[in-house]
Amino acid sequence: MAATKELLMLENFIGGKFLPCNSYIDSYDPSTGEVYCKVPNSGKEEIEAAVEAAREAFPAWSSQSPQGRSQVLNRIADLLEQSLEEFAQAESKDQAGLISPWNLPLYLLTWKIAPAIASGNTVIAKPSELTSVTAWMMCKLLDRAGVPPGVVNIVFGTGPRVGEALVSHPEVPLISFTGSQPTAERITMLSAPHCKKLSLELGGKNPAIVFEDAVLEECIPATVRSSFANQGEICLCTSRIFVQNSIYHEFVKRFVEATRKWKVGIPSDPSASMGALISKTHLEKVRSYVKKARAEGAQVLCGEGVDQLSLPPRNQAGYFMLPTVITDIKDDSCCMKEEIFGPVTCVVPFDNEEEVIQRANSVKYGLAATVWSSNVGRVHRVAKKLQSGLVWTNCWLIRELNLPFGGMKSSGIGREGAKDSYDFFTEIKTITVKH
Ligand code: NAD
């Protein structure tokens, strides 16, 4: 009989100590569908302990000089091999609750923790229950970097249980959340009775607009990447491609050819461009959008239900799907309105500038957009009128991390970026002194 592999058991990181929990949930390996580790199913009790640890650590940490705090951050940065130094000059003050999603589990978590502790706050972070191992490994580095006990506390578990306990805690006045719009609605409601300061980084339904004078040799590979990078599980991914009528058929042909070359493979395959989606539930949700599009009469040109996916036997139950291109779909279809957050993109034709701006803006989200054209005047005109926190022209995902980042409309409130995170995590006080 084969020996049963012992599962990794994660622990909460509270007051500088790794603490077990009395209840656990399963976490799955997306590439096989097998249980991979056990994640603490924390609740109110663990949040109480973390808030107490953060409260106790706060006076000493917040009164340290920015240089002292920056030394600790630099040690973490060295350990993570990623630069956090730019945050370290900020000034303090509070206990902050940080809630992050699964899609970029280290980047999004460190991007919250660094400015918060650099400004003298102590924090309680709740990473996604789907990618908790990354955060747990990071706790080991925090420990090694000499972060004083209680400055960073990480509490694992589900949103409705431990996430809500954190958001509702009266002693946590700042909440920085990255995740979906429906969760943000719930967080806003729960934090309202305490008038908490909120930063919300939410979803998108990002358009790419391709004018007839676009350089297709650059636009097509970049748009395949913007649609399918990280399985389309990046909030900035393109999911609606508007192509000017005169080049529509040529674009679609070349785009589908390029998409078919975007290889789906297992994690150890260096030639793969795309891996498994995050969970079974998410895979089913993404597939259901393709099904709905077909039922509405749209064409699925490649990917789901059209091409064959080939995987090794061990990965047959993994959460893989092929990059999928949909055409002949109406603007009011749910595939054109809702965030799918997977490897599915819709390509539709347009006639003129005014029309495409109006159609691109006709969704509730406004996170990112891309404009492809060789006409600089047009690029500026269109970018100005797009309801989008970020507009790329003739490129995608080129980011200067000091620039403000954040969405318009239902894509969120508050802006991230070095300076903006500083503003969020610091308290502006009015102090009047009478001599
Ligand atoms: P999600 O909203 O389901 O979960 C995000 C986090 O919130 C998780 O840690 C989850 O456990 C927690 N949570 C869930 N319900 C909660 C509740 N009731 N109270 C408190 N916390 C709760 O989102 P997700 O599926 O993890 O992430 C994908 C979403 O994140 C997409 O919408 C994507 O666009 C968005 N996102 C946005 C950005 C950005 O910067 N704008 C970046 C990455 C991801």
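Please refer to the structure placed before this passage.
Fair warning: this is a prediction, and the values are worked out from it, not measured in the lab. (Residues numbered from 1 in each chain as written. Predicted model: local features only at pLDDT ≥ 70, side-chain atom pairs only at ≥ 80, totals over all residues. Heavy atoms only, no water.)

**Section: a nonpolar patch on the surface**
Phase 1 of the analysis: A grouping of Leu-7, Tyr-28 and Val-35 is seen on the molecular surface, where their side chains present a nonpolar patch of about 230 Å² in accessible area.
Phase 2 of the analysis: Following the sequence through the fold, Leu-7 ends up in the segment before strand S1 (8–9). (Patch = residues over 30% accessible without salt bridge, like charges linked within 9 Å, V, L, I, M, F, W, Y side chains within 5 Å. Areas by Shrake-Rupley, 256 points an atom, 1.4 Å probe, with all protein chains shown as cover. Salt bridge = Lys/Arg side-chain N within 4 Å of Asp/Glu carboxyl O. Helix = DSSP H or I, 4+ residues; strand = E, 2+ residues; numbered from the N terminus.)

**Structural notes on the sheet that holds strand S15 (residues 344–350)**
Phase 1 of the analysis: The strand order across the open sheet built from seven strands is S13-S14-S15-S12-S11-S17-S18, with neighbouring strands paired in mixed fashion. Single-partner strands in this sheet number two, and they are strand S13 (299–302) and strand S18 (390–393). Each neighbouring strand pair of the sheet contributes to a mean axis angle of 25°, computed without reference to strand direction.
Phase 2 of the analysis: Two elements, strand S11 (residues 206–210) and strand S12 (residues 238–244), share five bridges in a ladder whose sense is parallel. Its bridge partner being in S12, Pro-207 is matched across the sheet by Arg-240.
Phase 3 of the analysis: This element, helix H9 (residues 280–295), spans S13, strand S14 (324–327) and S15 of the sheet and lies at about 25° to S14. (Pairing = 2+ DSSP bridges. Axes fitted to C-alpha atoms, helices over the stretch in contact; angles between N-to-C directions. Contact = heavy atoms within 4.5 Å.)

**Remarks on the sheet that holds S1**
Phase 1 of the analysis: One open sheet accounts for three strands, arranged S1-S5-S4; its pairing is mixed. At either end of the open sheet lies a strand with only one pairing partner, and these are S1 and strand S4 (24–29).
Phase 2 of the analysis: As defined by bridge partners, S1 adjoins strand S5 (residues 34–40) across two bridges and the pair is classed as parallel. Following the sheet pairing, Met-9 is matched in S5 by Lys-38.

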